[in-house]
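The chain contents come next:
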Amino acid sequence: MSLHLVWAAPAWAQGMERAEVFAQVKALAALGSELFHDPRLSASGKQSCATCHNEKHAFAPANAQAVQRGGADLAQMGHRATPSLKYLQSVPQFTEHFFDSEDEADESVDNGPTGGLTWDGRAKSLAEQARIPLLSPFEMGNKTAQDVVERAQKAGYAPRLKVFEPFLKTGSLFTVITKALETYQQDWRKFYSYTSKYDAYLAGKVALSKQEQRGLEVFEDPQKGNCASCHLSQPGHDGTPPQFTDYGLIALAVPRNTALPYNANPQNYDLGLCGPDRTDLAQHADYCGLFKTPTLRNVATRKVFFHNGVYKTLRDAVAFYVLRDTQPSRVYPKNAQGEVVLYDDLPKQYHQNINMDPPFGHRVGNKPALSEPEIDAVVAFLKTLTDGYTAPTGQRRQKEK
């Protein structure tokens with residue numbers, strides 16, 4: 001098949017022949033692709049989904065701007081970096097209590113808030129996620145769902161949109177638009193191909209370099225990088241490829257990005273799970289500062305890192321984990337008295353939410369968990385997670401003795 005279906009048969013597919021279902025899904029995906037790349041759906045007429053989610057850059061921005069500009073005048077800026085749209089097919093719906101464990105014998109551990117799409121997990125599906133940029137005043141700038149429909153109709157999509165109304169059992173053309181965008185994003189060849197060097201390594205088709213192998217060891221070592229505790233790096237018990245995320249939400253306390261207009265007001269804080277974009281959990285103080293753990297697949301193609309785009313290089317992003325608590329002066333600013341302002345982008349009353357698992361938690365002045373060469377090794381390993389790798393002919397991974 002050229003298209004993988006990753007959800008149960010929808011209501012509109014009931015009673016249809018299998019071949020007809022596939023034909024309809026293929027047509028809906030084709031429509032979604034056109035809508036995804038069409039700037040006429042935006043208030044400016046110049047910004048499409050693909051403007052910020054560039055296929056050649058793992059469906060993330062092609063530029064190094066921490067936050068993308070949008071709105072009717074293409075001058076508005078939000079407060080979060082644009083994430084990649086790749087490898088979202090297995091993200092579970094958000095729950096405050098996620099019970100799972102790497103140990104099959106014990107799935108009683110409550111991992112806390114987990115799942116959902118976007119940085120704060122508020123979208124339940126790719127269709128619901130698609131609503132956000134379409135209607136955001138600092139993204140595609142439409143004021144209402146009807147504005148999107150009217151722009152799509154003016155662009156000539158009306159006949160094709162109406163074709164899918166009975167199949168999707170909806171009277172809303174806006175729902176057809178978001179469902180089309182969702183279906184397009186379920187094309188495995190584009191969005192979850194598993195064609196990185198690391199996938200080839202796991203399949204025994206290639207060996208990692210010495211530095212890459214060392215990076216993997218540090219990445220997985222619970223006393224060193226401990227990265228795999230959140231960014232799962234080994235195949236699942238059923239043999240499924242690793243997603244490099246546990247889908248959890250965590251408070252890392254990355255430094256404040258003072259370049260964002262939103263942060264010009266010292267009273268403004270992006271608190272992730274408890275606001276400002278998500279409002280249903282605003283009263284949960286223990287959730288403030290928590291953000292989604294993204295997959296690390298294709299992370300080396302990114303030009304900005306973390307929810308506020310504060311870091312511009314992958315090495316700086318990795319170094320943050322080992323410098324945050326041991327050498328905070330290299331991470332956070334100083335106040336007028338020359339004192340380092342720890343965790344400057346999270347109000348003090350929420351500091352108890354900050355994760356202290358290794359490599360965090362070391363005292364100021366202690367030796368960082370990773371040496372400079374080990375940081376470089378982790379970066380080298382992360383570069384093996386980029387899709388599009390072709391294994392050299394004849395090269396095989398050496399089996400461990």
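Residues numbered from 1 in each chain as written. Predicted model: local features only at pLDDT ≥ 70, side-chain atom pairs only at ≥ 80, totals over all residues. Heavy atoms only, no water.

### A short note on the nonpolar core
Inference 1: With 53 residues, the main nonpolar core has F219, F306, F320, F381 and L382 as its most contacted residues.
Inference 2: Secondary-structure elements contributing two or more residues to this core are α8 (197-202), α9 (210-220), β3 (249-250), α10 (314-323) and α11 (372-382).
Inference 3: In terms of residues, this core owes the most to one element, α10, which gives seven residues.
Inference 4: Filtering out sequence-adjacent residues up to four positions away, F320 remains in contact with L252, A253, V254, P255, F306, Y311, V331, Y332 and F360.
Inference 5: The next biggest cluster of nonpolar side chains, apart from the first, holds 36 residues, and it includes C49, L85, F164 and I177. (Core = buried A, V, L, I, M, F, W, Y, C linked by side-chain atoms within 4.5 Å. Buried < 20%, exposed > 50% of the residue type's maximum accessible area, 1.4 Å probe, protein only. Helix = DSSP H or I, 4+ residues; strand = E, 2+ residues; numbered from the N terminus. Contact = heavy atoms within 4.5 Å.)

### A short note on the packing of helix α5 (residues 158-168) against helix α6 (residues 173-184)
Inference 1: Between α5 and α6, whose axes approach to 9 Å, the crossing angle comes to 90 degrees. One way to sum up the angle between α5 and α6 is to call them roughly perpendicular. Contacts between α5 and α6 pair L161, K162, F164, E165 and L168 from the former with L173, V176, I177 and K179 from the latter.
Inference 2: Residue composition of the contact of α5 with α6, by class: six nonpolar, no polar and three charged. (Axes fitted to C-alpha atoms, helices over the stretch in contact; angles between N-to-C directions. Parallel < 35°, antiparallel > 145°, perpendicular 65-115°, else oblique. Nonpolar A, V, L, I, M, F, W, Y, C, P; charged D, E, K, R; others polar.)

### Concerning the confidence of the model for the protein
Inference 1: Looking at the protein, pLDDT values average 92 and 92% of them are 70 or higher.
Inference 2: Considering only residues more than four positions removed or in separate chains, one finds that residues 1-8, a stretch of pLDDT under 50, has 21 contacts. (pLDDT = per-residue confidence, 0-100.)

### Describing the layout of surface pockets
Inference 1: Size it by volume and the second largest pocket reaches roughly 660 Å³.
Inference 2: Forming the walls of the second largest pocket are 32 residues, and the residues nearest its centre are H53, P83, I132, P133 and E139.
Inference 3: Elements represented by at least two residues in the lining of the second largest pocket include exactly α2 (49-52) and α3 (126-135).
Inference 4: With five residues, the single largest contributor to the lining of the second largest pocket is α3. (1 Å grid on protein atoms, 1.4 Å probe; cavity = no way out; pocket = protein on both sides within 12 Å on 5 of 7 lines; lining within 4 Å. Points joined across faces, edges and corners; volume = space filled by probe spheres on them.)

### Considerations on the side chain of D38
Inference 1: Along the chain, D38 turns up in the loop between α1 (18-36) and α2.
Inference 2: Residue classification places D38 among the buried residues on the basis of a relative accessible area of 6%.
Inference 3: Of the polar contacts made by the side chain of D38, one reaches the side chain of R40; its length is 2.8 Å.
Inference 4: In this structure, D38 is in contact with Q47, S48, A155 and Y157, ignoring residues within four places of it in sequence. (Polar contact = N/O pair within 3.5 Å; in protein donor to acceptor, adjacent residues only side chain to side chain.)

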